[in-house]
Amino acid sequence: MSWGTELWDQFDNLEKHTQWGIDILEKYIKFVKERTEIELSYAKQLRNLSKKYQPKKNSKEEEEYKYTSCKAFISTLNEMNDYAGQHEVISENMASQIIVDLARYVQELKQERKSNFHDGRKAQQHIETCWKQLESSKRRFERDCKEADRAQQYFEKMDADINVTKADVEKARQQAQIRHQMAEDSKADYSSILQKFNHEQHEYYHTHIPNIFQKIQEMEERRIVRIGESMKTYAEVDRQVIPIIGKCLDGIVKAAESIDQKNDSQLVIEAYKSGFEPPGDIEFEDYTQPMKRTVSDNSLSNSRGEGKPDLKFGGKSKGKLWPFIKKNKGATPEDFSNLPPEQRRKKLQQKVDELNKEIQKEMDQRDAITKMKDVYLKNPQMGDPASLDHKLAEVSQNIEKLRLETQKFEAWLAEVEGRLPARSEQARRQSGLYDSQNPPTVNNCAQDRESSPDGSYTEEQSQESEVKVLATDFDDEFDDEEPLPAIGTCKALYTFEGQNEGTISVIEGETLYVIEEDKGDGWTRIRRNEDEEGYVPTSYVEVCLDKNAKGAKTYI
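This one's a predicted model, so the numbers in the text were calculated from it and none came from an experiment. (Residues numbered from 1 in each chain as written. Predicted model: local features only at pLDDT ≥ 70, side-chain atom pairs only at ≥ 80, totals over all residues. Heavy atoms only, no water.)

Here the focus is the overall build of the protein. Within the protein, the regular secondary structure consists of 11 helices and seven strands. Here the protein holds 556 residues, and the buried ones make up 38% of them. Long-range contacts, defined as pairs at least 24 residues apart, comprise 73% of the intrachain contacts of the protein with a sequence gap of at least 6. Accessible area of the protein: about 33,900 Å², with a carbon and sulfur share of 51%. (Helix = DSSP H or I, 4+ residues; strand = E, 2+ residues; numbered from the N terminus. Buried < 20%, exposed > 50% of the residue type's maximum accessible area, 1.4 Å probe, protein only. Contact = heavy atoms within 4.5 Å. Areas by Shrake-Rupley, 256 points an atom, 1.4 Å probe, with all protein chains shown as cover.)

Right, here's the structure in full:
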């Protein structure tokens, strides 16, 4: 099966077919190139997607990724980033192993094709030239033969005519001989050229064209083999990254299997646990007694609202007033006293750890400066030791400041954890649980406290909110109400700055009246004078209740 023998007369069709083969190869190169662009685009989109959902550094969102489910999600994002990298590898390998290689081969193929068909056209032109020579000699032989016949006929005519002179006959005979000789010469020339043409034609159809077409056939077969090899490479490039992609997917599965719902539930407890004790039972208040009630064991709102059951809140419990309370959005105190005890302890511990790290960093810097100073002392040519004194003093000063700051936070932390030696065990517990400057709860309802997403908490039936609601809508109904009676006295053990509404500031050693004792929420309601009253942490005061609390003296 050879194109040279089977397709000896299909020169033009072979030229078209080989050009079509090159076009197919170039089309395949274009296809692979577009595939590489798709892979790069896909990888870029995957990377952007992974980056988009990565938690922002130093943000609240980053803190949320301590949960195992969120960690698994982060692992998934990282694996997707690696997954994207494998698609970039696919693109790079296809570009280097297929596109570049085939592009170079196409140029070589075009040159080889051009050379082969140039040789074919050259052979065609040569055989056509031989054919034209043959035709020319043939026509010349034919013409000379006809001229010789006419000259012979003329001579015979002259020789038969008696009126023609002998000289004219001789002349006609000589002319006929000349023409006959010319015909013989043309015949010989035509025969020679014909033999030569037949030889050239035989060489053309049995040697030159078969050889040229054989080269073209081999060229085309190499092209076919090359495109097949490229297709195998195309598949192999994909196959090479499958194990790594499989590892990425295995990583995602492993991350999913690492999710621990119990651990996440415990983290929620650690994140939002307030440390408060559940409120105690509410004592029954007998509204059938017409006598003026003494201070109740219920909240301020209930004591202020007695005899007024049909307020604008309908028949709902006073514990449902919490939607009207506004969160205190003031600046965060330095000692985090706005947080529940457990959250406060965590924040203080975190702050202490941060300060200790800063101290260690400064100490390392001081050691480095000290070593450099020693080097300068031993080798004065390297630098002036005195030039480091200012820096050394500055670092030492920073260390001292940080240590003082650490001691301050450690003192707060020790108090929260109940390690103060001068306090009773009960006082330690109360201090650890309720050393906060937020308004206290007043009615012991479980719904009174509601943790906010940032870890702070709201006291939903605080004195501030209750008084604000009642004072706004029901001032006329309580204008004549007498102040609550004192049920004892208290002495301030520590200074307390009541920065939030509903609390009152006290100075260490100050004596005040107790008008409502601690109901288990860690706060005691006290009064300084007729217009100044509020709540202080029970752990901050030493309470002395009258034996007859119900009939105790009233503040005047």
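Now that the structure has been shown, we can carry on.
For the coordinates displayed, the defined rule picks out 13 aromatic pairs. Arranged with centres 5.4 Å apart and planes meeting at 75°, the rings of phenylalanine 496 and tyrosine 540 form a pair that is edge-to-face. Pair noted here: phenylalanine 496 is in the loop between strand 3 (488-492) and strand 4 (511-516) and tyrosine 540 is in the loop between strand 6 (533-537) and strand 7 (541-545), with a separation of 44 residues, a long-range link. Residues phenylalanine 496 and tyrosine 540 agree in their burial class; the two are buried. Through a chain of ring-to-ring contacts, three or more aromatic side chains come together here, namely Tyr494, Phe496, Trp523 and Tyr540. The residue whose ring lies beneath arginine 226 is tyrosine 105, and the NZ or CZ to ring-centre distance is 4.5 Å. (Phe/Tyr/Trp six-rings, centres within 6.5 Å; stacked < 30°, edge-to-face > 60°. Lys NZ or Arg CZ within 6 Å of the ring centre and 35° of its normal.)

What follows concerns the nonpolar core. Grouped together as the largest cluster of nonpolar side chains are 40 residues, with contacts concentrated most on Leu25, Tyr28, Val32, Met94, Ile98, Phe213 and Ile216. The set of elements that each furnish at least two residues to this core consists of helix 2 (11-52), helix 4 (68-160) and helix 5 (166-257). Here the element with the most residues in this core is helix 4; it accounts for 16 residues. With residues near it in sequence (within four places) discarded, isoleucine 216 still touches Trp3, Thr18, Asn116 and Phe117. Counting 16 residues, the second largest nonpolar core, distinct from the first, contains Leu348, Val352, Val395 and Val416. (Core = buried A, V, L, I, M, F, W, Y, C linked by side-chain atoms within 4.5 Å.)

Most of strand 5 (residues 523-527) is tucked away, with five of its five residues classed as buried. Where burial is concerned, the two faces of strand 5 agree: the one with Trp523, Arg525 and Arg527 and the one with Thr524 and Ile526 are both buried. The pairing of strand 4 with strand 5 spans three bridges and is antiparallel. Looking at the pairing, glutamate 516 lines up with arginine 525 of strand 5. (Pairing = 2+ DSSP bridges.)

Our focus in this paragraph is the sheet that holds strand 3. Read from one edge of the open sheet, five strands run 6-5-4-3-7, paired in antiparallel fashion. Only two strands of the sheet have a single neighbouring strand rather than two, namely strand 6 and strand 7. Strand-to-strand twist across the sheet, computed as the mean angle between neighbouring axes with direction ignored, equals 40°. (Axes fitted to C-alpha atoms, helices over the stretch in contact; angles between N-to-C directions.)

With that out of the way, let us pick up the confidence of the model for the protein. Detailed reading of the predicted coordinates is not advisable wherever pLDDT falls low. Of all residues in the protein, 78% have pLDDT values of 70 or greater, and the mean over the chain is 78. For the protein, the element scoring lowest by mean pLDDT is strand 1 (residues 449-451), at 38; helix 2 scores highest, at 94. Note on residues 292-329: pLDDT under 50 across the span, and 80 contacts to partners over four residues away in sequence or across chains. Note on residues 419-481: pLDDT is under 50 here. Beyond four places in sequence and across chains, it has 185 contacts. (pLDDT = per-residue confidence, 0-100.)

Now for a nonpolar patch on the surface. A cluster of nonpolar side chains, namely Leu49, Tyr53 and Phe73, defines an oily patch on the protein surface of about 270 Å² accessible area. With respect to the element layout, tyrosine 53 can be found in the loop between helix 2 and helix 3 (60-63). (Patch = residues over 30% accessible without salt bridge, like charges linked within 9 Å, V, L, I, M, F, W, Y side chains within 5 Å. Salt bridge = Lys/Arg side-chain N within 4 Å of Asp/Glu carboxyl O.)

Now for the side chain of aspartate 144. With respect to the secondary-structure elements, aspartate 144 resides in helix 4. Of the side chains with opposite charge, arginine 143 lies nearest to the buried aspartate 144, which makes no salt bridge, at 4.4 Å. Residues within four places of aspartate 144 in sequence aside, it is in contact with Arg179, Met182, Ala183 and Ser186. (Lys, Arg positive; Asp, Glu negative; His and termini not counted.)

Assignment of secondary structure puts glutamine 177 in helix 5. Of the residues examined, glutamine 177 reaches a relative accessible area of 46% and is grouped as partly exposed.

Within the secondary structure, histidine 87 sits in helix 4. Among the polar contacts listed, one links the side chain of histidine 87 to the side chain of glutamate 39, at a separation of 2.5 Å. Setting aside residues up to four positions removed in sequence, histidine 87 forms contacts with Glu39, Tyr42, Ala43 and Leu46. (Polar contact = N/O pair within 3.5 Å; in protein donor to acceptor, adjacent residues only side chain to side chain.)

For the structure on display, the rule yields 24 salt bridges. Its salt-bridge partner being glutamate 26, residue lysine 110 comes within 2.8 Å of it at the nearest N-O pair. Placement of lysine 110 in helix 4 and of glutamate 26 in helix 2 is noted, with a sequence separation of 84 residues between them. For glutamate 26, a relative accessible area of 30% corresponds to the partly exposed category. When salt bridges that share partners are traced, they join Glu516, Arg525, Arg527 and Glu533 into one network.

We now examine the packing of helix 2 against helix 5. Here helix 2 crosses helix 5 at 15°, and the two axes come no closer than 11 Å. In terms of their interaxial angle, helix 2 and helix 5 are classed as roughly parallel. Between helix 2 and helix 5 lies a crossing of left-handed hand. For the contact of helix 2 with helix 5, the residue count by class is 15 nonpolar, four polar and four charged. (Parallel < 35°, antiparallel > 145°, perpendicular 65-115°, else oblique. Left-handed = near helix turned anticlockwise from the far one by under 90°. Nonpolar A, V, L, I, M, F, W, Y, C, P; charged D, E, K, R; others polar.)

The next thing to look at is the state of the cysteines. By the definition in use, this model includes zero disulfides. Unpaired in terms of disulfides, cysteine 490 finds its nearest cysteine sulfur in cysteine 544, a separation of 9.9 Å. Note on cysteine 490: relative accessible area 3%, which makes it buried. (Disulfide = S-S within 2.5 Å.)

With that settled, consider the environment of lysine 215. Relative to the helices and strands, lysine 215 is located in helix 5. A residue is classified by how much of its surface remains accessible, and lysine 215, at 45% relative accessible area, is partly exposed. Sequence separation of lysine 215 and phenylalanine 117 is 98 residues, and the distance between their C-alpha atoms is 9.8 Å.

For the rest of this paragraph, the subject is helix 8 (residues 341-378). Its 38 residues give helix 8 an end-to-end C-alpha distance of 55 Å, which sits within 8% of 56 Å, the value for a rise of 1.5 Å per residue. Where helix 8 is concerned, the buried positions are Pro341, Gln343, Arg344, Leu348, Val352, Leu355, Ile359, Glu362, Ile369 and Tyr376. (Expected span 1.5 Å × (residues − 1).)

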